[in-house]
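Residue-level listing of the chains:
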Amino acid sequence: MMGPPGAGKGTQAVRLSERFGTPHISTGELFRNNLEKGTALGTEARRYIDAGELVPDEITVGMVRDRLGHPEVEQGFLLDGFPRNTLQANHLSALLAELDQRLDAVVLFEVDDDELIARLLSRGRSDDTEDVIRNRQQIYRRETAPLIDYYRDILVIVDAVGSVDEINDRALGQITDLVMDTPGHPARNGSRLPPQT
Ligand code: AMP
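Bear in mind that the values here come from a model prediction, so they are computed numbers and not experimental data.

**Student:** Explain the overall build of the chain to me, please; I cannot follow it from the model alone.
**Tutor:** Tallying secondary structure elements over the chain gives nine helices and four strands in all. Each helix (α) and strand (β) of the chain, taken in turn from the N terminus, gives the series α-β-α-α-α-β-α-β-α-α-α-β-α. Projecting the C-alpha coordinates of the chain onto the three principal axes gives extents of approximately 45 × 35 × 35 Å. Burial status across the chain gives 45% buried among its 197 residues. Of all intrachain contacts in the chain linking residues separated by at least 6 positions in sequence, the fraction that spans at least 24 positions is 71%.

Have a look at this one:
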């Protein structure tokens, strides 16, 4: 899942991972958990997060590597907010090759700039002051947006303006076939979807 800060990718990622029964791996959330627990990793990450900068790649990639090594992700996973630059994307490719996994789709949540600022200012997170927001947006444009081209072959663009339910329906409509139906994938026999009650 990718998208500019404030596009609502976190909210959508939680819903989609519940729908597909796959673990949700959010690097932002992993960092925030580490901050709350006061771990060394959290302490190291804090100054970058507070400034709206990217946490250095070696720290971020190491954290993702640990998480992807867990047996629970063997049947699939949803990555939220990672990779955020081409170096991380290259590391991810190597890591997935080691694990005999691959990405089915890269989902970009798209929203225009004015709407984004309004959403972020109403969210009230400690890294949501106007200066920090602007910095995160610049970094998104400079570092993360090039991934749109990097992943063009598996890119799915979702219009992320509307209610949470509308956006979720749109995203599901656009990605369900991609993550469920391609023949030859170990987890593609439909068993990944939990039964509807
Ligand atoms: P998020 O919850 O995705 O908005 O992330 C919050 C903050 O965590 C970001 O502004 C970064 O400081 C840091 N962060 C999250 N994901 C990454 C990543 N892939 N690479 C570097 N820093 C990250």
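Further notes follow.
**Student:** I would appreciate a short explanation of the site of the ligand in the present structure.
**Tutor:** Every one of the 16 residues lining the ligand counts as a neighbour, but Thr27, Arg32, Glu53, Gly81 and Gln88 are closest to it. Contacts to the ligand include Arg32, whose side-chain N or O atom sits 3.0 Å from an oxygen atom. The separation between a nitrogen atom of the ligand and a polar side-chain atom of Arg84 is 3.0 Å. Calculation on the ligand without its partners gives an accessible area of 480 Å², and the protein chains cover 95% of this total. With four residues, the top contributor of residues to the shell around the ligand is helix α2 (residues 27–37).

**Student:** Help me understand the pairing of strand β4 (residues 155–159) in this model?
**Tutor:** Along any regular strand the residues' side chains alternate between the sheet's two faces. A one-sided burial pattern is seen for β4, the buried positions being Val156 and Val158 and the unburied ones Leu155, Ile157 and Asp159. Across five bridges, strand β3 (residues 106–110) lies against β4 in parallel orientation. Counted as the bridge partner of Val107 is Val156 from β4.

**Student:** Looking at this model, I keep getting lost on the pattern of salt bridges. Mind explaining?
**Tutor:** Opposite charge on two side chains makes pairing possible when the charged atoms of those side chains draw close. Counted by the stated rule, this structure contains 15 salt bridges. Arg102 serves as the salt-bridge partner of Asp104, at 3.5 Å between the closest nitrogen and oxygen. Judged by its relative accessible area of 17%, Asp104 is buried. Sharing partners across several salt bridges, the network here consists of Arg123, Arg125, Asp127, Asp128 and Arg136.

**Student:** Help me understand helix α9 (residues 164–180), please; the structure alone is not making it clear to me.
**Tutor:** Since the α-helix turns once every 3.6 residues, residues separated by three or four places project in the same direction. If you check α9, its first and last C-alpha atoms are 23 Å apart, about what 17 residues at 1.5 Å a residue would give, namely 24 Å. Where α9 bends most, the angle comes to about 35°, and this point is Gln174. When α9 is considered as a whole, its buried residues turn out to be Ile167, Asn168, Ala171, Leu172, Ile175, Val179 and Met180.

**Student:** Any chance you could explain the confidence of the model for the chain here in plain terms?
**Tutor:** Predicted coordinates in regions of low pLDDT should not be interpreted in detail. Scored by pLDDT, the chain has a mean of 90; 91% of the residues are at 70 or more. Every residue in residues 184–192 scores below 50 in pLDDT, and together they form 21 contacts with partners more than four places removed in sequence or on other chains.

**Student:** What exactly am I supposed to notice about the layout of surface pockets here?
**Tutor:** In this approach, a probe sized like a water molecule rolls over the atoms, and the result shows the empty space that is left. Its volume calculated, the largest pocket comes out at about 880 Å³. Taken together, 48 residues line the largest pocket, and the ones lying closest to its centre are Pro5, Lys9, Arg84, Arg123 and Arg125. Among the elements of the structure, α1 (9–20), β1 (24–26), α2, α3 (40–51), α6 (113–121), α7 (130–144) and α9 are those that each provide at least two residues to the lining of the largest pocket. Here the lining of the largest pocket is composed, by residue class, of 19 nonpolar, 18 polar and 11 charged.

Thresholds applied
Residues numbered from 1 in each chain as written. Predicted model: local features only at pLDDT ≥ 70, side-chain atom pairs only at ≥ 80, totals over all residues. Heavy atoms only, no water. Helix = DSSP H or I, 4+ residues; strand = E, 2+ residues; numbered from the N terminus. Buried < 20%, exposed > 50% of the residue type's maximum accessible area, 1.4 Å probe, protein only. Contact = heavy atoms within 4.5 Å. Near = heavy atom within 4 Å. Polar contact = N/O pair within 3.5 Å; in protein donor to acceptor, adjacent residues only side chain to side chain. Areas by Shrake-Rupley, 256 points an atom, 1.4 Å probe, with all protein chains shown as cover. Pairing = 2+ DSSP bridges. Salt bridge = Lys/Arg side-chain N within 4 Å of Asp/Glu carboxyl O. Expected span 1.5 Å × (residues − 1). Bend = angle between axes of the 7 residues up to and from the residue. pLDDT = per-residue confidence, 0-100. 1 Å grid on protein atoms, 1.4 Å probe; cavity = no way out; pocket = protein on both sides within 12 Å on 5 of 7 lines; lining within 4 Å. Points joined across faces, edges and corners; volume = space filled by probe spheres on them. Nonpolar A, V, L, I, M, F, W, Y, C, P; charged D, E, K, R; others polar.

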